[in-house]
Amino acid sequence: MTKINDIIIIEGIGYDSNVYIFEDVIVDTGTGQNMDYILKSIQEAGKDVDELSLIVNTHNHYDHVGGNHYFNLKVAMHANDAVALEKGDEDALLATMFGESIEKMKVDIKLEEGDKIHDFEVLLTPGHTSGSICLYDGETLISGDTVFSGGGFGRVDLGGDMNEMRKSLERLKKLDIEYLLPGHGPAVEHGSRHVKLACDISNGYY
């Protein structure tokens, strides 16, 4: 567990996504299989779960939303991805791929491009899913499974779209990103370099 600026970083274990916390917001909650670790990490960071009021899910896959129901918080997600979660579509949510089940959940806030979460702006970056989002505050990009450190980017063979992914990466390449906080793997400095590398690699895919 580390911090960048005032953002608490809890790196995922097992299949869990990374979890990020700033102000009263928790971004993604993992599979729900390692909640003791996540809750302990929040406490060790000096944060009280009671201070949180909102979950923002970067997309609707099981490894990012499975822990939602452990928190009695409102859930925010892009409208495109909210549909499957509210229906409990386990195939679209990839729960079946992980050999798990997941109950349908209410999405209280349907996010759209340009919405604000405190200092962060919601960017719709489809490709991994149609409703994948990133959060950007002018310096830090919380990127979900759109782009990872080292030039990686999210899979597009599980309901995604490679052409949309390329467009999203090209869009992110134009941003000035100092810190890249991805959905999996390490958070890194010089984020723009990693996004540019992902763009270059994606252009080699057909």
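The present account deals with the structure reproduced in this document.

Parameters at a glance
- Residues numbered from 1 in each chain as written.
- Predicted model: local features only at pLDDT ≥ 70, side-chain atom pairs only at ≥ 80, totals over all residues.
- Heavy atoms only, no water.
- Helix = DSSP H or I, 4+ residues; strand = E, 2+ residues; numbered from the N terminus.
- Rg over C-alpha atoms; globule rule 2.2 N^0.38 Å.
- Buried < 20%, exposed > 50% of the residue type's maximum accessible area, 1.4 Å probe, protein only.
- Contact = heavy atoms within 4.5 Å.
- Areas by Shrake-Rupley, 256 points an atom, 1.4 Å probe, with all protein chains shown as cover.
- Lys, Arg positive; Asp, Glu negative; His and termini not counted.
- Charge placed at Lys NZ, Arg CZ, Asp CG, Glu CD.
- Pairing = 2+ DSSP bridges.
- Axes fitted to C-alpha atoms, helices over the stretch in contact; angles between N-to-C directions.
- Salt bridge = Lys/Arg side-chain N within 4 Å of Asp/Glu carboxyl O.
- Polar contact = N/O pair within 3.5 Å; in protein donor to acceptor, adjacent residues only side chain to side chain.
- Disulfide = S-S within 2.5 Å.
- Arc of directions from axis to C-beta.

## Some details on the overall build of the chain
Tallying secondary structure elements over the chain gives five helices and 13 strands in all. For the chain, the C-alpha radius of gyration of 15 Å lies close to 17 Å, the compact-globule estimate for 206 residues. Here the chain holds 206 residues, and 51% of them are scored as buried. In the chain, of all internal contacts separated by at least 6 residues, the share reaching a separation of at least 24 is 59%. Accessible area of the chain: about 9300 Å², with a carbon and sulfur share of 46%. In the chain, 17 positive and 36 negative side-chain charges are present, and the distance between their average locations comes to 5 Å.

## Section: the sheet that holds strand 4 (residues 25-27)
Taking strand neighbours across the sheet as the criterion, the seven strands line up as 1-2-3-4-5-6-7 in an open arrangement whose pairing is mixed. Lying at the two open borders of the sheet, with one neighbouring strand each, are strand 1 (2-4) and strand 7 (109-111). Taking each pair of neighbouring strands and ignoring which way they run, the sheet shows an average axis angle of 25°. Pairing of strand 3 (residues 19-22) with strand 4, which is carried by three bridges, proceeds in the antiparallel orientation. If you follow Ile21 over to strand 4, its bridge partner there is Ile26. Against the sheet, helix 1 (residues 35-44) touches strand 2 (7-10), strand 3 and strand 4, its axis set at about 150° to strand 2. Of the strands in this sheet, strand 6 (74-78) and strand 7 are in contact with helix 3 (residues 79-87), which crosses strand 6 at around 125°.

## Considering the side chain of Asp16
Within the secondary structure layout, Asp16 lies in the loop between strand 2 and strand 3. Look at Asp16: it is buried, it has no salt bridge, and the nearest opposite charge is Lys40 at 15 Å. A polar side-chain atom of Asp16 sits 2.5 Å from a polar atom in the side chain of Thr31. Among the polar contacts made by the side chain of Asp16, one reaches the side chain of Asn34 at a distance of 3.2 Å.

## So, the state of the cysteines
Scanning all chains against the criterion turns up zero disulfides. Cysteine Cys199 remains unbridged, with the sulfur of Cys134 as its closest cysteine sulfur at 12 Å.

## Details of helix 1
Among the residues of helix 1, those classed as buried are Met35, Ile38, Ser41 and Ile42. Looking straight down helix 1, one finds that the buried residues subtend no more than 130° of arc, so they occupy a single side. Pointing more than 90 degrees away from the buried face of helix 1 are the exposed residues Asp36, Lys40, Gln43 and Glu44. Phi turns positive one or two residues past the end of helix 1, at Gly46, with a value near 85°.

Geometry only, nothing functional implied.
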